[in-house]
Amino acid sequence: MIRPAREGDAAAIEEICYRTGFMGEDLAGSGRFGDRKLFALIFCLYYVRYEIESCFVAEQDGKVVGYIIGSGRAGTCAADIDRRMLPRIALRLFAYTSWRHPEAFREVLRWRRHQGDGCPPPGYRALLHINILPGYQRRGLGSGLMAAFTAKLREEGHGCVYLETSNHNQKALDFYRKCGFIELARKAGGFWSGVDDFEEITMGLRLPMHQ
Ligand SMILES: CC(C)(COP(=O)(O)OP(=O)(O)OC[C@H]1O[C@@H](n2cnc3c(N)ncnc32)[C@H](O)[C@@H]1OP(=O)(O)O)[C@@H](O)C(=O)NCCC(=O)NCCS
């Protein structure tokens with residue numbers, strides 16, 4: 001079942017974010033980024049707390065196993081995330097992560113160095129992130145979430161949506177292409193330590209207004 005997300009889904013969304021957080025693969029037990037809460041603060045909790053009306057979840061057997069989160073205000077979203085989340089991220093980072101999970105602390109500093117300007121591609125006002133728990137992928141849930149999210153965007157008058165992924169996430173690339181996304185830009189750079197040849201790929205989808 002695909003349904004709009006609720007604030008009570010936050011813990012499940014955190015878990016899914018972490019279990020798919022290493023370029024689509026599971027961070028649990030990987031020896032990387034042991035601080036799950038910090039990972040969620042950086043990558044998903046902004047949307048749950050401040051743009052919940054844009055989020056949908058996939059539920060199976062009463063359990064939330066997937067989500068699609070995003071924003072219809074991509075132009076201001078990066079600044080909003082900084083304003084609302086950075087104080088919490090910084091507090092956790094220096095008061096806890098730095099001594100308890102030093103590898104995660106170093107990774108965040110690295111991400112900060114490689115961070116882009118957060119500007120959406122020209123003409124794009126909506127962005128998304130989609131993640132399905134391992135064990136529930138390839139059952140049509142991603143397609144269902146994408147359909148719900150893009151239908152809502154169309155209702156709101158959006159004509160397109162974009163996302164960012166990487167050359168190391170082949171299943172996401174295959175999924176997005178199947179959904180009709182095309183590549184808009186590709187930028188070499190470093191993200192995860194120890195991952196060579198990393199390219200950040202921006203993809204976009206035009207939304208037909210009458211379906
Ligand atoms: C990418 C992801 C969201 C796809 O969701 P999903 O529920 O598994 O996808 P669906 O079952 O709806 O697949 C729809 C189509 O996408 C393509 N596809 C999906 N997963 C694929 C895979 N692993 N390999 C090849 N094609 C794939 C197929 O064409 C599929 O249609 P088919 O099953 O009829 O062949 C999911 O695999 C996932 O969450 N991965 C981990 C997190 C992640 O990488 N998120 C994206 C970060 S940028």
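See above for the structure.
The text that follows walks through the structure, step by step, so that each part is easy to find.

Here the focus is the site of the ligand. If you check the shell around the ligand, you find 19 residues, and the closest are Gly 24, Gly 142, Ser 143, Lys 171 and Asp 174. Sorting the residues of the shell around the ligand by element identifies strand S4 (127-132), helix H6 (141-155) and helix H7 (170-179) as the ones contributing at least two each. Here the element with the most residues in the shell around the ligand is H7; it accounts for five residues. A per-class count over the shell around the ligand returns five nonpolar, nine polar and five charged.

Attention now goes to the environment of Tyr 96. Within the secondary structure, Tyr 96 sits in helix H4 (residues 74-100). When the C-alpha positions of Tyr 96 and Met 209 are compared, they lie 48 Å apart, and in sequence the two are 113 residues distant.

A separate point is the packing of H4 against helix H5 (residues 102-114). Relative orientation and spacing of two packed helices are given, respectively, by the angle between their axes and the distance between those axes. Viewed as axis vectors pointing N to C, H4 and H5 meet at an angle of 130°, and their least axial separation amounts to 6 Å. The orientation of H4 with respect to H5, classified from their angle, is oblique. Every residue of H5 that contacts H4 at Leu 93, Thr 97 and Ser 98 is listed here: Pro 102, Ala 104, Phe 105 and Val 108. Taken together, the residues of the contact of H4 with H5 break down into five nonpolar, two polar and no charged.

Not every positive phi belongs to a glycine, and Asp 61 is a case in point at roughly 50°. Tracing the sequence through the fold places Asp 61 in the loop between strand S2 (56-60) and strand S3 (63-71). Asp 61 gets classed as exposed once you count the C-beta atoms within 10 Å, which come to 5. For Asp 197, which is not a glycine, the phi torsion comes out positive at approximately 55°.

This paragraph deals with the pairing of S3. Summarising burial for S3: eight of the nine residues are buried, a large majority. Taken together, the five bridges between S2 and S3 define a ladder with antiparallel strand orientation. In the sheet register, Phe 56 faces S3, and the bridge partner there is Ile 68. Linking S2 to S3, which pair antiparallel, is a turn of two residues; within it Asp 61 sits at a positive phi near 50°.

This next bit is on the nonpolar core. Ranked by internal contacts, the top residues of the largest apolar core, which has 52 residues, are Tyr 67 and Ile 68. Sequence-distant contacts of Ile 68, that is, excluding residues within four places in its chain, are made with Cys 55, Phe 56, Leu 128, Ile 130, Leu 145, Met 146 and Phe 149.

Let us now look at the packing of helix H1 (residues 10-19) against helix H2 (residues 36-43). Interaxial distance between H1 and H2 falls to 9 Å at its minimum, and their mutual angle equals 95°. For the element pair H1 / H2, the angle class is roughly perpendicular. Within the contact between the two elements, H1 uses Glu 14, Cys 17 and Tyr 18 and H2 uses Arg 36, Phe 39, Ala 40 and Phe 43. Tallied by class, residues from the contact of H1 with H2 come to five nonpolar, no polar and two charged.

Cut-offs applied
- Residues numbered from 1 in each chain as written.
- Predicted model: local features only at pLDDT ≥ 70, side-chain atom pairs only at ≥ 80, totals over all residues.
- Near = placed C-beta within 6 Å.
- Helix = DSSP H or I, 4+ residues; strand = E, 2+ residues; numbered from the N terminus.
- Nonpolar A, V, L, I, M, F, W, Y, C, P; charged D, E, K, R; others polar.
- Axes fitted to C-alpha atoms, helices over the stretch in contact; angles between N-to-C directions.
- Parallel < 35°, antiparallel > 145°, perpendicular 65-115°, else oblique.
- Contact = placed C-beta atoms within 7 Å.
- Buried ≥ 20, exposed ≤ 12 C-beta atoms within 10 Å, placed from the backbone.
- Pairing = 2+ DSSP bridges.
- Core = buried A, V, L, I, M, F, W, Y, C linked by C-beta atoms within 7 Å.

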